[in-house]
Every structure is written in structure tokens, then in C-alpha cells.
Amino acid sequence: MKFGDAVSEDFEVVIGLRQGDALSPALFNLALESVVRDTLVTASGIKIGIDKQLILAAYADDLVLMAENEENLKETTQNLLENGKRIGLIINEDKTKYMVVTRNNHRGGHLDIGEYKFEKVDDFKYLGVDINKDANSHEEIKIRLAAANRCYFGLVPLFKSKILSWKTKITLYKVLVRPIALYACGTWATTKSDELKLAIFERKILRRIYDPKTNNEGEYKIRTNLEIQDLYGEPNINGILKSSRLSWAGHVWRSEGPIGQVTKWKPNTKRPRGRPRQRWKDRVVKDLRELGIEDGEELARGRDRWRQVVVAAMGLNGL
């Protein structure tokens, strides 16, 4: 222990730490880091280059192990289990899932490793985001809209209130509801159908905020989409989505770490038959073309210029 310039002799701690102690997460991270490093020494992951491979993604104690085949995944997981057990860390079998991402039919069942049996699933949540075996964003967008709807219905009494101004209600929407709908939207590879669902969701809330209009006879009439947008006067939800996607693209293109390497990596295999899937990169390129930009990756090197592109993307309200 160090106090000022004085350092005490070594002593052993046997009583542990109290819950909430600031030292607890630091010590846990050190222990988990040692386990992960020992596991990575002999692990085989997804090869993304001649001498590079993607083995593990980790945030605190949320770990994702990746491999090109089931045999390599079993070996890596077994090493992780053994290394963790040596220092008292045990995997929660009920919270650990196993998923296969492939276009081919995979008939395998649960993953058996020693005394553990990990459930095979078609999708799972990681850091609040739904990841599925088809590697698309459609289900995640449905989940986001469902969560945002729950938040909206909880705020309906405020949106109906005659006391609150339109400006206050719009602030409630932008601060409380929209962030739920667009959580992690920078990584979405959206289709026209996805963006239409988002636009419908936003117009529903704006119609509630602005109320129906009345004509000269005192009859109520629903406001048109154009009237709603004119009253709102700000970038719509799809403009915010595209701006966030381009902002994330800038970080990815400037990155020299795993994120950038994975994005630039081109598998040395043939494409399967049929129409190619919608990729995140395809959507970014399309958004940039709408802005008249062809060399987005090179432009992203300049942060100030790219920041202007991100702001301009908010005007891409169309589908």
C-alpha cells in the first residue's frame, strides 16, 4: 500500500472487497484479462488476413468467442473454462449461448464441452443489441421500435397534455423516445422497408403532439405527412439514422485496429448463388452518393471535413 511517498510491506488480503468498492472492478478486470491472454495463446479464430485472426470480442465480463468451425470453438472454450477455473472464475451455463452464422443448413444441436451444455440459438443479445444467425438488422429494428413504443405509450399523457407546449413535447420525443428507437443504429444495414417503419413510427408520435387541425366549419382533419414535416422543421428519424451511420463509418475507416481490419477484409471465397445480401458498407456508399461523394473512405481521414458530411447527411430524409 502506498500513502504519500511511503510504501508498506506486502500483505495478503483474505476478506475480499465490499460490494460497490471502487477497487472491485479493477481487480476483476485484471483477473479476467489474465484468463483471456492465456486463452488467446493457442486459440484459433476467424482468419481475416495472412497473419491476423478474430478470436474474441470482450466488454467487461461479456465475452464472445468466434471460430471458423465447431472443433476450434470447442477447443478455445475448453481453454477458457480451464484458465478461468484456476483463479475461481466460472462460466454461467444458463446465460451462455451458441450460434452458427452460415447460409448453409446447420443441423447440429447444442454445444457440449465437458460438463457444460450450451444452448444453440438463432439470435442473442450482446450489449443490448440483437445479433442473429442471418447477420441482418431487420429483427433488431423491430425490437427497437417495440421498445420505443413502450416508452411512447408511457408518455402519452404528457403528449396529450394541453399544458405542455409543442416545443416541450418535441424535446421529450427527441430526448426520451427517439434514442431508444435508434440505439446502435450506426451499424444497421437498413432496407426501404426498415426505413419506412421508422418513418411511420415517428409520424405517429408527431401527429399526437401536433393534434388534428380544424377547418372553418370547426371540423377536425388529420394533418398530411407534408404538413407534419413542415411543423416539425427538423431532420426526420431517417436523416438522423443516416447521419449516425456515416459518423460510425468515419470511425471505422480511420481505425487501424480490428474494426477497420474486419471491414476492409475480403474473404477469399466465391459468393453463393442468388441476390447478395444488403451490407452495411453498401448502405454507407449509397448514403454518400446521395450527397455526391464518391471517395468517402479517403474523405473520412479529415475529421473536420467528415464532420460536415455527417451534418449534411441529416438532410437525407428520403427512403
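Residues numbered from 1 in each chain as written. Predicted model: local features only at pLDDT ≥ 70, side-chain atom pairs only at ≥ 80, totals over all residues. Heavy atoms only, no water.

Asks: An account of the pairing of strand 5 (residues 56-59) is needed here, citing residue identities and associated values.
Replies: Of the strand pairs in this sheet, strand 5 and strand 6 (residues 62-65) are connected by 4 bridges, and their pairing is antiparallel. Opposite Tyr59, over in strand 6, you have Asp62 as the bridge partner. Linking strand 5 back to strand 6 in an antiparallel pair, the connection comprises 2 residues, with Ala60 at a positive phi of about 55°. (Pairing = 2+ DSSP bridges. Helix = DSSP H or I, 4+ residues; strand = E, 2+ residues; numbered from the N terminus.)

Asks: Lay out the packing of aromatic side chains with the relevant residues and their values.
Replies: Enumeration over the complete set of coordinates arrives at 5 aromatic pairs. A ring pair is formed by Tyr152 and Phe153, whose centres lie 5.1 Å apart and whose planes are at 50°; its orientation type is tilted. With relative accessibility at 4%, the residue Tyr152 sits in the buried group. The rings of Tyr152, Phe153 and Phe159 are connected pair by pair, giving a single aromatic cluster. (Phe/Tyr/Trp six-rings, centres within 6.5 Å; stacked < 30°, edge-to-face > 60°. Buried < 20%, exposed > 50% of the residue type's maximum accessible area, 1.4 Å probe, protein only.)

Asks: Account for the pairing of strand 11 (residues 129-132), naming residues and giving values.
Replies: The pairing of strand 10 (residues 123-126) with strand 11 spans 4 bridges and is classified as antiparallel. Along strand 11, the bridge assignment pairs Asp123 with Asn132. Taking the residues that link successive antiparallel strands as the turn, the strand 10-strand 11 hairpin has 2 residues, and the phi of Leu127 there is positive, at about 55°.

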